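Report on the structure
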Amino acid sequence: MSIGSSVRAAILGSSGGSALRSAVHCLRAAGIAPDLLIITDRDCGLSRWATNQGFAHVRLSFESTEQFSVAVRDTMREAQRDDLLLFYTRLVSAPLIDDCRVRNIHPSLLPAFPGRSAVAQALDGGARLLGATLHDVDAGMDTGNILAQVACPLLTSMTLADAQRMSYIQKVWLTLLWSESVQQHGSFNACAASGEYVVRGISCSSAMLRDSKLRHAFLTWAAAIHAPDVPAGVH
């Protein structure tokens with residue numbers, strides 16, 4: 001079942017945006033055209049990728065959190081975008097978080113391990129699961145309403161590099177879930193049975209992708225691109 005042919009939204013980033021790049025690859029493989037406005041505050045891998053891919057790109061100067069949040073909100077209004085996903089290293093604030101649907105992907109099962117270096121925190125803390133969370137952005141640090149989560153076993157034999165590769169796969173999955181929520185005006189397709197989409201990095205998810213072609217594109221990407229990087233026995 002195909003739920004739509006395009007995803008119209010905005011991205012705020014300050015990094016390379018590797019999870020977004022892979023998610024866009026999966027969307028296009030499924031016949032879905034991402035119509036993205038990329039907003040950055042510096043020259044970065046994401047801004048260069050946006051230009052190469054033909055996405056609209058706006059660079060805004062950062063002077064303060066409030067000033068920048070106003071500028072991002074105004075840029076989105078001008079471009080008629082309501083949804084914003086963060087790949088951003090700084091906090092944002094009102095009025096952006098009040099006037100737009102601002103969401104973030106955090107590499108832990110919130111409320112556990114908020115803040116920076118969450119994967120390392122989970123590994124060092126002896127966590128049994130490695131997870132990631134798609135959540136609303138509010139005035140706090142990773143405290144917004146949880147929308148979707150994904151997890152897999154965190155084995156004691158895994159290195160930090162292993163765990164970060166698994167986390168990367170999880171972030172791509174949650175980026176795709178976010179893209180479908182944009183098409184569905186914020187709704188998510190709940191997943192009652194864990195393990196339905198078992199793949200390296202994902203053994204359970206609180207939400208599933210509606211579009212069968214997009215599920216197939218994700219599974220193909222995960223198997224073809226990342227299988228050699230994952231230790232034997234990790235699924």
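Owing to the predicted nature of the structure, the values given are computational and were not obtained by experimental measurement. (Residues numbered from 1 in each chain as written. Predicted model: local features only at pLDDT ≥ 70, side-chain atom pairs only at ≥ 80, totals over all residues. Heavy atoms only, no water.)

Focus on the packing of helix α1 (residues 18–29) against helix α2 (residues 45–53)
One can describe the packing of α1 onto α2 by two numbers: an axis separation of 11 Å at closest approach and a directional angle of 25°. The angle between α1 and α2 places the two elements in the roughly parallel class. Of the residues in α2, those touching α1 at L20, R21, V24 and R28 are G45, L46, W49 and Q53. (Axes fitted to C-alpha atoms, helices over the stretch in contact; angles between N-to-C directions. Helix = DSSP H or I, 4+ residues; strand = E, 2+ residues; numbered from the N terminus. Parallel < 35°, antiparallel > 145°, perpendicular 65-115°, else oblique. Contact = heavy atoms within 4.5 Å.)

Some thoughts on the environment of M166
Tracing the backbone shows M166 in helix α6 (residues 160–183). The class of M166 is buried, set by a relative accessible area of 0%. (Buried < 20%, exposed > 50% of the residue type's maximum accessible area, 1.4 Å probe, protein only.)

Details of the side chain of R81
Relative to the helices and strands, R81 is located in the loop between α3 (65–78) and β4 (83–87). A polar side-chain atom of R81 sits 2.7 Å from the main-chain carbonyl oxygen of D35. (Polar contact = N/O pair within 3.5 Å; in protein donor to acceptor, adjacent residues only side chain to side chain.)

Re the packing of aromatic side chains
A full pass over the atoms with the stated rule returns 6 aromatic pairs. Relative to Y88, the ring of F68 lies with its centre 5.5 Å away and its plane at 10°, an arrangement referred to as stacked. Pair noted here: F68 is in helix α3 and Y88 is in the loop between β4 and α4 (96–99), with a separation of 20 residues, a long-range link. Residue classification places Y88 among the buried residues on the basis of a relative accessible area of 11%. Ring centres of F218 and W221 lie 5.8 Å apart, and the angle between their planes is 40°; this geometry places the pair in the tilted category. With F218 and W221 both in helix α7 (residues 212–226) and 3 residues apart, this pair spans about one turn of that helix. W221 matches F218 in its accessibility class, with the two residues each being buried. In this structure an aromatic cluster arises from ring pairing among Y168, W173, F218 and W221. Seen from the ring of F62, R90 lies directly overhead, with NZ or CZ sitting 3.9 Å from the centre. (Phe/Tyr/Trp six-rings, centres within 6.5 Å; stacked < 30°, edge-to-face > 60°. Lys NZ or Arg CZ within 6 Å of the ring centre and 35° of its normal.)

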